[in-house]
Each structure stands twice: as C-alpha cells, then as structure tokens.
Amino acid sequence: ALRASAAPVMTQQHKALDAYAAQAAVAEPAAREVPPVEEAASNTGSSISVDAEVIDAAVLVSSVSSAHSEPQAAREMDLEHRQEMEEEEIEVVALKWTIVVGLVCLILTFLIAHYLESLHFDYLPEAGVAVLLGIAASAIFKMAHGGMMMADMRFDFEFFMIWLLPPIIFEAGYNMNRKAFFDNIFPTALFAFIGTVMSAFTVAGFMVYAGEAGISHPMGGLAALTFGSLISATDPVTVLAVFQALGVKVDLFSMVFGESVMNDAVAIVLSRTMLSFKYAEINAVNIALAGVLFLKIFIGSTLIGVLFGMLSSYVMKHAHMSHHEDALFKESVLVAAFAWASYYVAEAYELSGIVAILFCGIVMAKYTRDNLSEQAQTLTSRTFKVVALLSETFVFVYLGMAAFAFPIWDHIGWATVAVALFACFVGRTHIYLFSYITNFCFRSGPDPAMPPITTTYMHVMYFSGLRGGVAFAISAVGFQNMDFPENGDSMVVMQTTLVIALFTIFFMGGTITDLARYTGVLERDNPTIAPKHKTLVQDSMFGKIDKLTIRPFLTHHYKGVDEKVDFEVDLNDRAAAVDIKQSWRSIPIVKSRTTSSHSLNKSPGSMLSLFGMPPPDAMPRRNLLRRVLSRLWKRATPWQQAGRRSQ
C-alpha cells in the first residue's frame, strides 16, 4: 500500500522507502532488546546513513498519508459548502419567482378591477380581486408541490410591519382632509380608542362563554383577549375606495377613515399588551401594570411622532427650499426621511412605530405641508399615494396567498368561526353608543357647530367594519411563535381571523356600494351643509393657541389650517393673530395711560376675551397683570393699522 501510494515520487525516494522497509523488518525483533553501550557506540557511524534514509522515508510516508487525508477532508468540506450554496441559491431563486408571481398578481388585480369597474360590476371589489388571485397562485403551487415558494408565500409579520403597513398608515395621515378630520376628532377618538377596547372584551367574552358551553372551540382566556384585540382592527380599504369613487359626504368619510387608521394602531398596541400576561399571573396589580404599559406605548409613540412632525415643519420653514425650483426632490426626500425616522426611533425604544408614523403624518399634514412649495406638495402627496396603493393591494394578494400557505383549512371549526363573527357584529355596536354620546354632548342645542350624526350615518359606519391585513398579520405571527400552544389556540385564532377577513371583504365590501346609494349618503344626492365657521373668539383653547402661537412658529402662514380645505378665515381674526404674534416678539414700554380711539373695538376687553380673560377695568387697580396688559393694549393702534394695510 505504501509503494502504491508513493508511486508518483522520484527514484531516490523509492530507494529510501525500500531501505526504511528493510530496516524496519530487521530492527523489529531486536527493538525489544537493549544493545550494550560499546556495541551501540561501535555501530554509530555505520548507522547514521541508514537512519537518515529511514527518517526521510518516514517523512515521506507521513507526507503522503497526510497529502491524501487532507484532500479527502477538504473535498468533504467543499462538497458540504457546495450543497449549502446550492440550497441557498435555490431558495433565492424561489424567492425571486415568488416576487414575480406577486407582481403579476398586482398587475392582473389592477387590470381586472378596472375592467369590472368599467362594467359597473360593484359586487367584486378590487381587494376581492387581489385576494382571489393570491388564493389561485397559492393553490397552484400547493398542487405542484412547490414547497419553497409556498414557504415564501407565508404572511411574514416583519415584512408586513416594516415594508407594507408604514407607507399605508403614513399616507393616510399625510393626505387626509385635515379640516373634516379635526372637526370630527371627538367621535373618531371614541370609536378608535374606547370602542376598540370594548369590542375586544366583548369578543373575548363571547369566545370564552361559547367554549365553556361546548358550542365552539374551548379557547383560553388570554388567547380570547388577544383574539378580541386583533379582530377589532378594522381595515376598510375597500370601503374607503368605494366612498371616494362614489363621492360620499365628507364628514362620514372622515369618521370612517379616522377610525380605521387609528384603531389599527390601537389594536396592535392592545394585542401586544395582552401578550404581556403570557408569563404573568392575571390579577389586579398586573392588570393595572398592563394598562400603564398600554398608555406608555401609545403616549410615548404619539409624542415621538408629534415631535418629528413639528421638527420637520420647523426645519422646512427655515431651510427656505420652497423658493428654489431645483430643491423640489430634496423637499420630498426630507419629508420621507423625517417620517421614517419617527418610525424607527419608536421601534428602537420598543414602542409602536405605527403609532409614531401615523401622528407624524397628521402633524406634517397640518404644518409641514404649508412650508413646501406647491410642486413639492403635489409630488409628495401623489408619491405617497402610489406607494400606499401598491402596499395595500399587495397586502390583499399576500392575504390570499396565505389561504394555502398556512394550514387554514385543516380541521377548521366552523362553529368557532360563526361565534366569532357574531361576536364581532355585537362588538361593533359601540358605533351607536358613542354616536349618541357625541350628539348629546357636542351636537345638540339650537345652534351646534357641527350637525349631529344621523342614524343613517351610524348604519353605514357599522357596516364599514371590515377586517383585513392587520388582524391576520398579528394572528399569523402568533401562530408562528406558538403564543398559545395549549389546545391549539394559536391555530384556531389564525384560521378564524382569515375566514372572517375573507367574509367581510367579499360580502360587506361587495355590498357597500348599494348601501351607500340606497341610504342617500352621497354628496350629489344630499349636499353637505357647511359647518358654521368659528371665529377666534368662539374657538376652543387649543384652536386659539394653535392659530396664535403654534402655526406662526412652525409655518409661514397665519391663516387657517389649509386654505384649499378650510372655510375662509375671518380677516379680523387673521389681523389679530398677526398683532399678537408681533406683540409677543417685541414689548415696548409705554408711559402713556391714554388709549387710542382707533383701538380694536375701543376696549382691551375685546382682545382679552379671546382667551376668556376679564378686561383690565374688572381687575384690581394695583394688579401688576392689569398694568402689563394695559401697556400691551396701548400699543395696539399701530399694529391694527398695519394689519388693515396688509389686508
């Protein structure tokens, strides 16, 4: 074997190998005996040459054996590395083909939806087309045993939360009708915050009771609360698209829109809060701590979004990019950079990036857009709209792909689905409760600022509570993480969520067009009565602070929220805002005690009444505040004249 292994070597090495073999054969029996010292000494000289050849032969044999063992190990390692590389390459290729399939579904969705719209076929909405194409794609690959592509089609929570949902949420806040949104902020907040929590507990109660009664799957209490939290997230993309196409009244559109955007964020934070009980005992202390955690996440995320929105407005005001045509794209990039910075800062602090980017978009819509050039306003609005449209359509394609990528139809409990659907309808009744509260507290009386919410509006808002991508994304990540492995609750939650989402998309989304037409909520059928414009005196304290302090500080404009959307702002209010802004910047001391006859309304009380303060004459004569306000008022004449000249 040694000779065969050493065949390629030179002739001298062959001889050394023969000498090594002969010496080894002779020396093997004598190796056990110790030679005498003198004999060993006499044989030293003669054995040097033989030992040298033996050493050379030993080195040769070891090198030959190692030369053959090392390539064998290297070949094995190289083979394993090649197999890993091939597997990774196959996975990358499968992922690319999955993306291609998704893009093809997107293209077909827009084309088919446009064709159906041209035929006035309203019973299959665009979201329904996207879901059907996703289901068809996943069914084909399941039958073709495309395991890798089926794995790529699974609804990935991180991909959804980082790449798909933020553009949708930010665009909703950035492009909203600001005037209508803030006019209806009170009922919208009630629907989105308190209503979502009430719906979550209602659904959880039904699921637990039905499970104990043997009607449906016996779901655990924490799993039921988590399911109630995620299923309460409405996703009326289809409804809003139909409303926008039909021209539904602005106030109804703003309430449906505001509720859907805000309660998505609430549902995400609420479900995360419920999961905090997974390793904690449910008692009064832990429930209070969970409430504190919910407020911490939501309020902290809101503050981060508002801070970045106001910072962007301040930066864009002083950057003066709106005066340079070549800075158009830089303005747009800065808007996107500030928005996504708020998202990742909130995520870095383990808060909710979705809440942060939502309120960042709202603040940008109110302040930052006024500091952009008209071209930049148009560019940012349309760009974010395109990105959001792509994202939300792909969400529905992704939702359809999950129908066969996950074990949705394996041992599904239809009784559980029916109970959960009924519980969702019952939980949705908070729309009526909070509408009546809004009407009673703020929209009643002889001359309300906003018209009351009608019963027709309540019916339409109740029917607009579709479920979609947000709910299923939370349930899918719960299934993948096995949040509730006991009794298969994680799988039941995911299966029930997807079936309810499909039902609401096809049934409620397909019939909302007829409902909007038959109930007479279209603008052309019954034009909206313009709400009465509130003067600065009639405005709320926040409205006064906003118009007199925040807007002058963050924007170049001293008028209302948006001159394209708002009703015309009273010129006297506009002049008063300019006057007070100047007075706060520079307060000269005037020794004269006489008041000019050209002062506004000839009385300081008319200006002080803007803030609900009594006139100086009603204050004590020695009051320092009275003297300061009197000095401010005595300088009102030139400011008022300047305001009139500017008008």
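Residues numbered from 1 in each chain as written. Predicted model: local features only at pLDDT ≥ 70, side-chain atom pairs only at ≥ 80, totals over all residues. Heavy atoms only, no water.

(A) Looking closely at the nonpolar core. Among the nonpolar cores identified, the biggest contains 141 residues, and Phe155, Phe160, Phe227, Phe406, Met461 and Phe472 are the most heavily contacted of them. A total of 13 residues in this core trace back to one element, the largest contributor, which is helix α12 (residues 250-275). Filtering out sequence-adjacent residues up to four positions away, Phe160 remains in contact with Phe155, Leu165, Pro166, Val395, Gly469, Val470 and Ala473. (Core = buried A, V, L, I, M, F, W, Y, C linked by side-chain atoms within 4.5 Å. Buried < 20%, exposed > 50% of the residue type's maximum accessible area, 1.4 Å probe, protein only. Helix = DSSP H or I, 4+ residues; strand = E, 2+ residues; numbered from the N terminus. Contact = heavy atoms within 4.5 Å.)

(B) Representation of the pattern of salt bridges. Tallying each qualifying case throughout the model produces five salt bridges. With its nearest N and O atoms 2.6 Å apart, the salt bridge here joins Arg428 to Glu259. Of the two residues, Arg428 sits in the loop between α17 (414-427) and α18 (430-442) while Glu259 sits in helix α12, which places them 169 residues apart along the sequence. Judged by relative accessible area, which is 2%, Glu259 ranks as buried. (Salt bridge = Lys/Arg side-chain N within 4 Å of Asp/Glu carboxyl O.)

(C) Representation of the environment of Ile231 within the structure. Structurally, Ile231 is set in helix α10 (residues 221-231). For the pair formed by Ile231 and Ser271, sequence separation is 40 residues and the distance between their alpha carbons is 9.8 Å. Sequence-distant contacts of Ile231, that is, excluding residues within four places in its chain, are made with Val203, Cys424, Arg467, Ala471, Thr497 and Ile500.

(D) Up close: the packing of aromatic side chains. For the coordinates displayed, the defined rule picks out 23 aromatic pairs. Measuring from ring centre to ring centre gives 5.3 Å for Phe181 and Phe182, while their planes differ by 85°; the resulting arrangement is edge-to-face. Judged by its relative accessible area of 4%, Phe181 is buried. Feature note: the residues Phe170, Tyr174, Trp340 and Phe384 constitute an aromatic cluster, connected by ring pairs. Across from the ring centre of Phe182, 4.9 Å away, lies the NZ or CZ of Lys366, which sits over that ring. (Phe/Tyr/Trp six-rings, centres within 6.5 Å; stacked < 30°, edge-to-face > 60°. Lys NZ or Arg CZ within 6 Å of the ring centre and 35° of its normal.)

(E) Structural detail: helix α7 (residues 157-174). The terminal C-alpha atoms of α7 lie 24 Å apart, and with 18 residues this matches the ideal 26 Å at 1.5 Å per residue to within 8%. For α7, the principal kink sits at Leu165 and spans about 45°; a proline, Pro166, occurs within the next four residues. In terms of residue burial, α7 counts as a mostly covered element, since 14 of its 18 residues are buried. (Expected span 1.5 Å × (residues − 1). Bend = angle between axes of the 7 residues up to and from the residue.)

(F) Summary view of empty space enclosed by the protein. Within this structure, the stated rule accounts for five cavities of 30 Å³ or more. Taken together, Leu421, Cys424, Phe425, Arg428, Tyr462, Gly465, Arg467, Ile500, Thr504 and Met508 make up the full set of residues lining the largest cavity. Put simply, the parts of the chain that give the lining of the largest cavity at least two residues each are α17 and α21 (489-518). Residue composition of the lining of the largest cavity, by class: six nonpolar, two polar and two charged. (1 Å grid on protein atoms, 1.4 Å probe; cavity = no way out; pocket = protein on both sides within 12 Å on 5 of 7 lines; lining within 4 Å. Points joined across faces, edges and corners; volume = space filled by probe spheres on them. Nonpolar A, V, L, I, M, F, W, Y, C, P; charged D, E, K, R; others polar.)

(G) Looking closely at helix α14 (residues 328-348). For α14, with 21 residues, the first-to-last C-alpha span of 31 Å sits near the 30 Å given by 1.5 Å per residue. Where α14 is buried, its residues contact α7, α13 (284-319), α15 (353-366) and α16 (374-405). Immediately downstream of α14, the backbone of Glu350 shows phi near 60°, a positive value.

(H) Highlighting the environment of Leu466. By the element assignment, Leu466 lies in the loop between α19 (455-463) and α20 (469-481). Owing to a relative accessible area of 1%, Leu466 belongs among the buried residues under this scheme. Sequence separation between Leu466 and Ala501 is 35 residues; the distance between their C-alpha atoms is 7.0 Å.

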